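Commentary on secondary and tertiary structure
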Amino acid sequence: MKGTDVKLVIQKTLYKSDTLKTQNRLNMPFNQLETNKFLTEDERQIVESDVPKENNIEVSLLGPTSEMYKLKMELTMWPMLSTYNYVLKTNWYQFWFDNKQHLKEGSKIQVWSFRRDQQLCFAIVCVEKPENFY
């Protein structure tokens with residue numbers, strides 16, 4: 001893979017909202033992040049932009065099967081009532097659906113950032129499956 005600058009971004013539980021087609025996104029609340037130092041200054045300025053459709057960064061995603069996912073995602077930042085969220089969107093639901101045998105609601109996952117040829121990428125790792133996992 002030859003990834004560099006590897007950082008644990010968040011460890012979180014997958015909630016139902018993370019698996020809904022109508023939501024099509026993975027929330028990463030700022031107040032739950034392990035680090036917020038995974039973006040370059042230029043990338044940070046893009047995601048913090050107030051201009052819709054200009055505040056997204058295209059990223060690649062390494063799935064729980066250790067394969068790069070065929071579709072690109074977008075990383076953006078959304079304000080919420082009590083915090084901000086980094087959000088992986090655009091094709092998230094398809095990624096989850098294609099990997100749902102590994103990523104069930106209630107699974108504890110880690111999201112890692114890394115660079116491949118200077119491009120921002122993320123890896124999704126399932127670290128704990130729910131007790132009712134079949």
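Residues numbered from 1 in each chain as written. Predicted model: local features only at pLDDT ≥ 70, side-chain atom pairs only at ≥ 80, totals over all residues. Heavy atoms only, no water.

Things to note about the nonpolar core
Leu-75 and Phe-122 are the most contacted members of the largest nonpolar core, which totals 28 residues. Counting only elements with at least two residues in this core, the list comes to β1 (4–13), β2 (25–29), β3 (57–62), β4 (73–79), β5 (84–89), α2 (92–98), β6 (108–116) and β7 (119–128). In terms of residue count, the dominant contributor to this core is α2 (4 residues). (Core = buried A, V, L, I, M, F, W, Y, C linked by side-chain atoms within 4.5 Å. Buried < 20%, exposed > 50% of the residue type's maximum accessible area, 1.4 Å probe, protein only. Helix = DSSP H or I, 4+ residues; strand = E, 2+ residues; numbered from the N terminus.)

So, the pattern of salt bridges
Counted by the stated rule, this structure contains 5 salt bridges. Taking the shortest distance from any N to any O, the salt bridge between Asp-18 and Lys-12 comes out at 3.0 Å. We note that Asp-18, like Lys-12, is buried. With its nearest N and O atoms 3.2 Å apart, the salt bridge here joins Arg-25 to Asp-18. Exposure class is identical for Arg-25 and Asp-18. Each is buried. What emerges from the salt-bridge pattern is a single network uniting Lys-12, Asp-18 and Arg-25. (Salt bridge = Lys/Arg side-chain N within 4 Å of Asp/Glu carboxyl O.)

What to know about the sheet that holds β2
Strand order in the open sheet formed by 7 strands is β1-β6-β7-β3-β4-β5-β2, and the pairing between neighbours is mixed. Every interior strand has two partners, whereas the edge strands, β1 and β2, have only one. In this sheet, adjacent strand axes meet at a mean angle of 35° when their direction is disregarded. The pairing of β3 with β7 spans 3 bridges and is parallel. Residue Ser-60 lies in a different strand from β7, and its bridge partner there is Cys-121. (Pairing = 2+ DSSP bridges. Axes fitted to C-alpha atoms, helices over the stretch in contact; angles between N-to-C directions.)

A word on the pairing of β3
Extensive coverage of β3 is indicated by the burial of 5 of its 6 residues. Bridge count between β3 and β4: 3 bridges; the pairing is antiparallel. Counted as the bridge partner of Glu-58 is Glu-74 from β4.

Things to note about the packing of aromatic side chains
Counted by the stated rule, this structure contains 8 aromatic pairs. Between Phe-38 and Tyr-86 the ring centres are 5.2 Å apart and the planes differ by 70°, which places this aromatic pair in the edge-to-face class. One end of the pair, Phe-38, is in the loop between β2 and α1 (41–47); the other, Tyr-86, is in strand β5, and 48 residues separate them in sequence. Of the two residues, Phe-38 and Tyr-86, both sit in the buried class. Each ring, one from Tyr-93 and one from Trp-96, has its centre 5.7 Å from the other, and the planes form 40°; the classification is tilted. Taken together, the positions of Tyr-93 and Trp-96, both in helix α2 and 3 residues apart, correspond to about one turn of that helix. Side by side, Tyr-93 and Trp-96 carry an identical accessibility label, which is buried. Three or more aromatic residues joined by ring pairs form one cluster here, namely Phe-30, Phe-38, Tyr-84, Tyr-86 and Phe-122. (Phe/Tyr/Trp six-rings, centres within 6.5 Å; stacked < 30°, edge-to-face > 60°.)

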